[in-house]
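# Structural characterization, general
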Amino acid sequence: TLFGHAIANLVFAELLTNTHAFLTIVTNHAGSDLYKFDDEVKPKTGSFYVRQIVSSTNYDYGNDAVDFAHGWLNYQIEHHVWPDLSMLQYQKGAPKLKALCEKYGVPYVQENVFTRLRKTVDIMIGKAS
């Protein structure tokens with residue numbers, strides 16, 4: 001029936017959307033290689049920005065097709081450092097921020113989304129913390 005197909009499509013769309021959101025949001029905030037903090041820092045200070053960098057990770061980036069597939073959430077580090085910057089500006093800012101991190105020895109984690117998924121699952125099943 002038309003109603004049955006509509007409900008099936010809604011359920012499928014919801015599952016697809018939730019899976020995509022999990023892959024693009026949760027996995028770039030989880031992993032034993034990311035720093036965790038128990039105390040607070042004042043926003044927009046040096047410590048604040050360093051924490052934004054070392055407690056998130058990026059996925060592969062640099063071309064419109066990959067960025068679109070990730071909803072520009074593959075620039076999670078830049079999103080945390082510059083939350084008011086437009087998504088399209090992340091392509092320009094990411095290489096500069098990565099170079100600054102390399103210059104000053106600040107860890108800048110960038111990995112494939114499926115590598116991050118494995119690290120997230122490891123935390124979920126208790127294999128990592």
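Up top is the structure.
Residues numbered from 1 in each chain as written. Predicted model: local features only at pLDDT ≥ 70, side-chain atom pairs only at ≥ 80, totals over all residues. Heavy atoms only, no water.

### Some words on the overall build of the chain
Heads up, the rule is: Secondary structure counts use DSSP, requiring at least four H or I residues in a row for a helix and at least two E residues in a row for a strand, with both numbered from the N terminus. When a residue's accessible area, from a 1.4 Å probe over protein chains only, is under 20% of the maximum for its type it is buried; when over 50% it is exposed; and in between it is partly exposed. Throughout, a residue-residue contact means that at least one pair of heavy atoms, one from each residue, lies within 4.5 Å. Each accessible area is a Shrake-Rupley result for a 1.4 Å probe, and residues are judged covered by the shown protein chains and nothing else. Within this scheme the basic residues Lys and Arg register as positive and the acidic residues Asp and Glu register as negative, but His and the chain ends are omitted. Charged side chains are reduced to one point each, which is NZ for Lys, CZ for Arg, CG for Asp and CD for Glu.
Within the chain, the secondary structure is distributed over 6 helices and 2 strands. Going from N to C terminus, the chain has its helices and strands arranged as α-α-β-α-α-α-β-α. Classification of the 129 residues of the chain by burial places 29% in the buried group. Considering only residue pairs separated by 6 or more positions, the chain has 59% of its internal contacts joining residues 24 or more positions apart. As displayed, the chain offers around 8400 Å² of accessible surface, 64% of which is attributable to carbon and sulfur atoms. Across the chain, the centroid of the 12 positively charged side chains sits 5 Å from that of the 13 negatively charged ones.

### Description of the packing of aromatic side chains
Rules: We call Phe, Tyr and Trp rings a pair once their centres come within 6.5 Å, taking the six-membered ring for Trp, and we label the pair stacked below 30 degrees between planes, edge-to-face above 60, and tilted otherwise. In this analysis the charged atom, NZ for Lys or CZ for Arg, is taken to sit over a ring once it is within 6 Å of the ring centre and within 35 degrees of the ring normal.
On inspection of all chains with the given rule, the structure shows 4 aromatic pairs. With a centroid separation of 6.2 Å and an interplanar angle of 85 degrees, the aromatic rings of phenylalanine 68 and tryptophan 72 are classed as edge-to-face. Put simply, the rings of Tyr61, Tyr75 and Tyr90 touch in pairs and so form one group of aromatic residues. Here the guanidinium or amino end of arginine 51 rests over the ring plane of phenylalanine 37, the centre of that ring lying 4.1 Å away.

### As for the nonpolar core
Quick note on the threshold: Nonpolar cores were defined as sets of buried Ala, Val, Leu, Ile, Met, Phe, Trp, Tyr and Cys residues, with membership established by side-chain atoms within 4.5 Å.
Ile53, Tyr75, Ile77, Leu97, Cys101 and Tyr108 are the most contacted members of the largest nonpolar core, which totals 13 residues. Counting only elements with at least two residues in this core, the list comes to helix H2 (46-54), helix H4 (76-81) and helix H5 (90-104). When sequence neighbours within four positions are dropped, the list of residues in contact with cysteine 101 reads Ile53, Val106 and Tyr108.

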